[in-house]
Amino acid sequence: MTDSGLWALIHAERAALAADLAALTDEGWATPSLCEGLSVREVLAHLTSGARLTPMRWLAGVVRCRFDFDRQVVMRLREQLGGSPAETLERFRAAVTSRTKPPLPLIAMLGETVVHGADIRRPLGIRRDHPIGTLTRLAEYYVGSDQIVLAKGRVRGLRLAADDGPFASGSGPSVTGSTLALIMAMTGRDAYLDELSGDGVAILRKG
């Protein structure tokens with residue numbers, strides 16, 4: 001897929017997330033996300049920071065945080081949090097069509113948007129029917145990469161197969177389920193393991 005095509009998918013996912021959160025209450029914004037220690041509001045601010053962070057600013061932040069990447073994530077999301085949930089959402093909306101990114105593969109930016117979108121939606125009970133082509137492309141990326149998050153290593157020696165699309169990869173004990181659940185399991189979201197079946201699920205549970 002071309003860069004323009006990937007950016008179109010990223011923009012569509014951002015726009016859908018912004019729409020899903022438009023009527024969220026203060027209680028909803030404070031809900032713990034699937035990212036340990038971060039609220040729904042904080043994860044959205046993290047997505048905004050990714051859409052505003054140039055390679056030079058990313059490098060400057062890495063140096064400032066003494067190469068503590070987790071510390072930089074927190075620092076950057078605080079920059080985008082704003083003074084209220086409404087401001088957090090407005091800042092994200094303003095970044096929906098941004099093509100700015102840190103030095104990450106563009107497909108990883110799509111992954112950030114989809115995975116963190118699910119980190120936000122699931123605790124809130126919000127469902128999104130992602131285009132299966134988008135999810136299949138992401139699953140193919142994660143199953144072959146440990147670059148941004150441990151994914152390839154997590155599912156090594158397992159046979160993954162989607163029951164809602166064409167994605168299939170690997171050999172060994174089987175793990176079957178929706179493409180989204182497979183993506184979330186590959187990226188370490190244990191909350192999705194109950195949606196998967198097969199002998200390989202027990203292996204994933206052991207970490």
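Read on for an overview of the structure. (Residues numbered from 1 in each chain as written. Predicted model: local features only at pLDDT ≥ 70, side-chain atom pairs only at ≥ 80, totals over all residues. Heavy atoms only, no water.)

**Concerning helix α7 (residues 106-124)**
What counts here: Segments assigned H or I by DSSP are reported as helices when at least four residues long, segments assigned E as strands when at least two residues long, and all are numbered from the N terminus. In this scheme, a helix's expected span is set at 1.5 Å multiplied by one less than its residue total. Partly exposed describes any residue whose relative accessible area lies between the buried limit of under 20% and the exposed limit of over 50%, with all areas from a 1.4 Å probe on protein chains only and scaled to the type maximum.
Spanning 19 residues, α7 covers 28 Å between terminal C-alpha atoms, matching the ideal 27 Å at 1.5 Å per step. Burial runs high along α7: 15 of the 19 residues are buried. Positive backbone phi, at 75°, marks G125, one or two positions downstream of α7.

**Some details on the pairing of strand β1 (residues 159-162)**
The side chains of a regular strand alternate between the sheet's two faces. Short version of the rule: Strand pairing is assigned whenever DSSP identifies at least 2 bridges connecting the two strands.
Of the two faces of β1, the one lined by L160 and A162 is fully buried and the one lined by R159 and A161 carries no buried residue. Summarising the sheet, β1 and strand β3 (residues 174-177) pair through four bridges and their orientation is parallel. Across the sheet, residue A161 finds its bridge partner in β3, namely T176. What sits between β1 and strand β2 (residues 168-169) in their antiparallel hairpin is a turn of five residues.

**Looking at the nonpolar core**
Stated precisely, the cut-off is as follows: Nonpolar core, defined: a set of buried Ala, Val, Leu, Ile, Met, Phe, Trp, Tyr and Cys residues in which side-chain atoms within 4.5 Å join the residues together. A contact between two residues is defined here by any heavy atoms of the two lying within 4.5 Å.
Counting residues in hydrophobic clusters, the biggest one holds 36 residues, and the most contacted among them are Y142, L160, F167, V175, I183, M186 and L196. When residues of this core are traced back to their parent elements, those giving at least two are α1 (3-20), α7, α8 (132-142), β1, α9 (179-186) and α10 (200-205). Counting residues per element, this core draws most heavily on α7, which supplies eight residues. Excluding anything up to four places from it in sequence, L160 contacts V143, V155, F167, A168, S169, V175, L182 and M186. Listed in part, the twelve residues of the second largest apolar core include A18, W29, C35 and V40.

Just distances and angles here, no functional claims.
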